[in-house]
Amino acid sequence: MRSPRLTGAVAITALVLAGLGGAASAAPPGVSGPAAAPAALAAVSGSAERIAKLTGPGSINATDTKWQLKATDLGIMWDNGSGQILTLFGDTFGNGWTGPGGGVGNGATIDWRCNTLVRSSDRRLADGMTYDSAVLDRPGHAGTVLPCKQINFDEMTVIPTAAISVGNRQYMHYMSINHWGDAGRWYTNYAGIAYSDDNGQTWVKDADARWQNTPASDNRFQMAAMLRQSGYVYLYGTPNGRFGNAYLARVPETQLLEPSAYRYWNGSGWITDQWASAVVAAGPVGEVSVLYSRYLGRYVMAYLNEARAALVLRTAPTPMGPWGAEEVIATAAQYAGLYGSFLHPWSADSNSPYLYFTMSQWDPYNVWLMRVRLTGGGMFGGSPTDFTGDGRADVVTFTQDHNGDAYVAPSTGTAFAGGGKWHDWFAPFNETPLTGDFTGDGRDDAVTLTGAPLYDAYVAPSTGSAFGAGVKWHDRLVIGSELPAVGDVDNDGRDDLVVFTHDGEGDVFVALSTGSSFANPVKWHEFFAPWGEFPALGDVNGDGRDDLITFTLGGTNDVYVALSTGGSFGAGQKWHDFFGVDGESPRVGDVNGDGRADLVTFTCNAQADVYVALSTGTGFSGTTVKWNDFFCLAGEFPYLGDVNRDNRDDIIVFSQNPSNDVYVGLSTGSGFAGGVKWHDFFGLTGERTY
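Worth saying up front: this structure is predicted, and the values here are computed from it rather than measured.

Caption draft 1: Structural context of the overall build of the chain. Looking only at helices and strands, one finds three helices and 48 strands in the chain. A compact globule built from 690 residues would reach a C-alpha radius of gyration of about 26 Å, and the chain, at 26 Å, matches this within 12%. Looking at the chain residue by residue over its 690 residues, the buried ones come to 62%. Contacts in the chain between residues far apart in sequence, at least 24 positions, make up 52% of those at least 6 positions apart. The centroid of the 43 positive side-chain charges in the chain is displaced by 8 Å from the centroid of its 72 negative side-chain charges.

Structure representation (structure tokens):
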């Protein structure tokens, strides 16, 4: 009989009382410690909520009757590059299993499989995640995808820890477990990488792609998270069990199976020796998952902190860190025996404030879909919204679900009227919707960037009372962690697409509008708004061309500008040395009507302050000039637009709570008036509003 390998609430409590998990493991002499965590930056606005049971009896997938998958754990998800999410489970048991937890009973009687895999194309996660198929070894029976010996103190089992796709090949990081120890502790033979060229149906364990464990069981890459970014795969490793620190390696994505090609982060550069690697996240770090959040514009890391008996989330501006403080998203008091928080890739890549993940529970030893709400107004500087062409900014909401509806409420000058449907299939699910006058007719249109795997851009032109049919304007725009923005950068009266790679390269590409398509992207700047910064567009010097703006956030809180020449962006110049700090939501607009774009930042917290720095044409003036002292609370979404046609941009906020109100604070030219409700039901929770 196997020892229970994953903790329940009682085991967690015992560990805490015994003092087994209260401190991180000490680093060997000469090893760098973790980078200092930045000042506290709230990434989530409360505890996670349970959405649906994904596996076992009573689950939305009925895996117990469909595939004899009655009990399992983990739920490691990745995008296969072809429109599906593949999910790996750990030790899996059939209908003879009675529990509690894994490994109770005779292996044959309980139909023990060391790991299993399912596939899903479900993009509507608000009601759960449905599975389309599983890897079967016979009809109606999920099979083991990576074989294991099932011999204690030899190879007890083989457990997946992470997976990723590169091209049409799927890669899985796994661990070969020698034996189970006390709760939260286990001991591995080695970790390795397997690959599949048939969408996960069959796998090959590469004999060379291995990290052999040491006699002391302290190899740093026995468990992992995998992140694909800018031609590399980043591998976050921990020792076996749940009490180690996290370390980081990376490898060119074409050399994943070559251990000699891996380089390890030592706190300042990439080296060949894993024993000189730096701690990037101090333990105890349990099963870990890392992805880039498009909404936050930051990298997110989720794992079980055994000592806290909690799933936690941390964020960082770069894959290397520095990783911020832990934020608790679920506790064992809420969900007994919880573990294994694995982030959903499409959720992380979407514009939604909701981040979805899988969570396991030791009893009933099954997997649940969870979600947590992210804070702030998203990594989005703004785009124009005058859809009727009357000179007043309107509001739009994209449902971004299986309906794919778009609703518009035009401004009357004193309110937003109605909220009729302007399109019944546009920007569904995790596509990226933006707005702008791409045709040059004076009315703002809608554009959606489909992202992986198609990378298309579709435009639905405004007729003044609806958005027309979506037409493909480009077939290769926005991939990975790139951030798009809209503005007229060449002063031809048509809005263009600007794409920030938002990585270590910091490239900026422009796809000019021809009025009926987007030209191929051309690099206009080679280092602007890299990792962790907040990019935006605006005509800051009043020459009719939108310029680049970036808020560095955190630490320096500087603002840089790169002026448009009409064919490129000039060198970045500091225009302000303290504006827009971590946790705030910066926006750009002409708030005093002088034809130059100014800076606005919303604290979006209990203070709900709004600060402005006016453009002089060569810099931004003002640091702590408060224009409103109560506008945009935590969880609300702030925006700018000239809603009353006085040539001054006003402040708008979508409450995105059960009331779904929209408030406006009109600009006087030197301040924003108090918020007035302009709509009492627009922009529901989870929708994308502008």
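Caption draft 2: Highlighting the environment of D111. With respect to the helices, strands and loops of the structure, D111 is situated in the loop between β3 (85-89) and β4 (116-120). As for D111 and G96, which are separated by 15 residues in sequence, their C-alpha atoms are 6.7 Å apart. Among all residues touching D111, those that are not within four sequence positions of it are Q68, T92, F93, G94 and H141. In terms of polar contacts, D111 uses its side chain to reach the side chain of R113, at 3.1 Å.

Caption draft 3: Geometry of the sheet that holds strand β35 (residues 534-538). The antiparallel open sheet is built from four strands, whose spatial order is β35-β36-β37-β38. The sheet is open, and its two borders are formed by β35 and β38 (573-576), each paired with just one other strand. Geometrically, the sheet is characterised by an average inter-axis angle of 30 degrees between neighbouring strands, direction not taken into account. Sheet analysis places strand β36 (residues 547-551) next to strand β37 (residues 559-562), joined by four bridges and oriented antiparallel. Bridging from a neighbouring strand, T550 pairs with Y560 of β37.

Caption draft 4: Region of the structure containing the confidence of the model for the chain. Across the chain, the average pLDDT comes to 91, with 94% of residues at or above 70. Of the regions scoring below 50 in pLDDT, residues 1-40 engages in 85 contacts with residues more than four places distant in sequence or in other chains.

Caption draft 5: Inspection of the layout of surface pockets at higher detail. The calculated volume of the second largest pocket comes to roughly 1100 Å³. Along the walls of the second largest pocket sit 41 residues, with S383, P384, D495, D546 and D649 positioned nearest its centre. Across the lining of the second largest pocket, the residue classes tally to eight nonpolar, 16 polar and 17 charged.

Caption draft 6: Representation of empty space enclosed by the protein in the model. What the rule picks out here adds up to four cavities of 30 Å³ or more. If you add up the space inside the second largest cavity, you get close to 190 Å³. Taken together, 18 residues make up the lining of the second largest cavity; nearest its centre are M379, F380, G381, L483 and P484. At the level of elements, β27 (432-436), β31 (483-487) and β35 are the ones that each hand at least two residues to the lining of the second largest cavity. By residue number, the principal contributor to the lining of the second largest cavity is β31, which donates four residues. Across the lining of the second largest cavity, the residue classes break down as 12 nonpolar, four polar and two charged.

Caption draft 7: Region of the structure containing the nonpolar core. One finds F357, F416, F467, F518 and I652 to be the most contacted residues of the largest nonpolar core, which totals 100 residues. Here the element with the most residues in this core is strand β9 (residues 169-180); it accounts for five residues. Among the nonpolar cores identified, the runner-up in size contains 40 residues, and Y234, A281, A536 and F579 belong to it.

Caption draft 8: Spatial organisation of the sheet that holds strand β26 (residues 420-423). Strand order in the open sheet formed by four strands is β26-β25-β24-β48, and the pairing between neighbours is antiparallel. Since the sheet does not close on itself, it has two edges, and those belong to β26 and β48 (688-689), each with one partner. Bridge count between strand β25 (residues 406-409) and β26: three bridges; the pairing is antiparallel. Counted as the bridge partner of A406 is H423 from β26.

Caption draft 9: Structural view of the state of the cysteines. In this structure the tally under the stated criterion is two disulfides. The disulfide bridge from C114 ends at C148, spanning 1.7 Å between sulfur atoms. In this pair, C114 sits in the loop between β3 and β4 while C148 sits in the loop between β7 (141-142) and β8 (157-166), placing the two residues 34 residues apart along the sequence. By the burial criterion, C114 is buried, and C148 matches it. If one numbers only the bonded cysteines of the chain, in the order they occur, the disulfide pattern is 1-2, 3-4.

Caption draft 10: Summary view of the packing of aromatic side chains. Taken as a whole, this structure holds 32 aromatic pairs when the rule is applied. With 6.4 Å between their ring centres and 55 degrees between their planes, F637 and F654 make a pair best called tilted. Here the residue F637 occupies a position in strand β44 (residues 637-641), and F654 occupies one in strand β45 (residues 650-654), the gap between them amounting to 17 residues. By relative accessible area, which is 2% here, F637 ends up buried. Assessed through its relative accessible area of 0%, F654 is described here as buried. Sitting over the ring of Y232, R250 keeps its end group 3.8 Å from the ring centre. Looking at R371, its charged tip hangs above the ring of Y354, at a distance of 4.0 Å from the centre.

Caption draft 11: Region of interest: unusual backbone geometry. In this model, G99 is joined to P100 through a cis peptide bond whose omega is 0 degrees. Looking at the element boundaries, P100 is found in the loop between β3 and β4. Residue P284 follows G283 across a cis peptide bond; omega there is 10 degrees. Considering the arrangement of structural elements, one finds P284 in the loop between β16 (270-271) and β17 (288-293). One non-glycine residue, C604, adopts positive backbone phi at about 45 degrees. Within the element layout of this structure, C604 appears in the loop between β40 (598-602) and β41 (610-615).

Caption draft 12: Structural context of the pairing of strand β2 (residues 74-79). The buried count for β2 comes to six of six residues, which makes it a mostly enclosed element. Bridge analysis of β2 against β3 gives five bridges, and the strand direction is antiparallel. Residue pairing in the sheet places D79 in a bridge with I85 of β3. Between β2 and β3, which follow one another and run antiparallel, lie five residues, and G81 among them has a positive phi close to 80 degrees.

Caption draft 13: Representation of the pattern of salt bridges in the model. Inspection of every chain in the model, using the stated rule, returns 22 salt bridges. One salt bridge in this structure joins R308 and E326, with 2.8 Å as the shortest N-O distance. Here E326 lies in the loop between β19 (310-316) and β20 (327-331) and R308 lies in the loop between β18 (298-305) and β19, a separation of 18 residues in the sequence. Looking at E326, the relative accessible area reads 21%, which means it is partly exposed. Taking the shortest distance from any N to any O, the salt bridge between R648 and D646 comes out at 3.2 Å. Classification of D646 as partly exposed rests on a relative accessible area of 22%. Connected through salt bridges with shared partners, the residues R242, E287 and E306 form a single ionic network.

Rules of the game
- Residues numbered from 1 in each chain as written.
- Predicted model: local features only at pLDDT ≥ 70, side-chain atom pairs only at ≥ 80, totals over all residues.
- Heavy atoms only, no water.
- Helix = DSSP H or I, 4+ residues; strand = E, 2+ residues; numbered from the N terminus.
- Rg over C-alpha atoms; globule rule 2.2 N^0.38 Å.
- Buried < 20%, exposed > 50% of the residue type's maximum accessible area, 1.4 Å probe, protein only.
- Contact = heavy atoms within 4.5 Å.
- Lys, Arg positive; Asp, Glu negative; His and termini not counted.
- Charge placed at Lys NZ, Arg CZ, Asp CG, Glu CD.
- Polar contact = N/O pair within 3.5 Å; in protein donor to acceptor, adjacent residues only side chain to side chain.
- Pairing = 2+ DSSP bridges.
- Axes fitted to C-alpha atoms, helices over the stretch in contact; angles between N-to-C directions.
- pLDDT = per-residue confidence, 0-100.
- 1 Å grid on protein atoms, 1.4 Å probe; cavity = no way out; pocket = protein on both sides within 12 Å on 5 of 7 lines; lining within 4 Å.
- Points joined across faces, edges and corners; volume = space filled by probe spheres on them.
- Nonpolar A, V, L, I, M, F, W, Y, C, P; charged D, E, K, R; others polar.
- Core = buried A, V, L, I, M, F, W, Y, C linked by side-chain atoms within 4.5 Å.
- Disulfide = S-S within 2.5 Å.
- Phe/Tyr/Trp six-rings, centres within 6.5 Å; stacked < 30°, edge-to-face > 60°.
- Lys NZ or Arg CZ within 6 Å of the ring centre and 35° of its normal.
- Salt bridge = Lys/Arg side-chain N within 4 Å of Asp/Glu carboxyl O.

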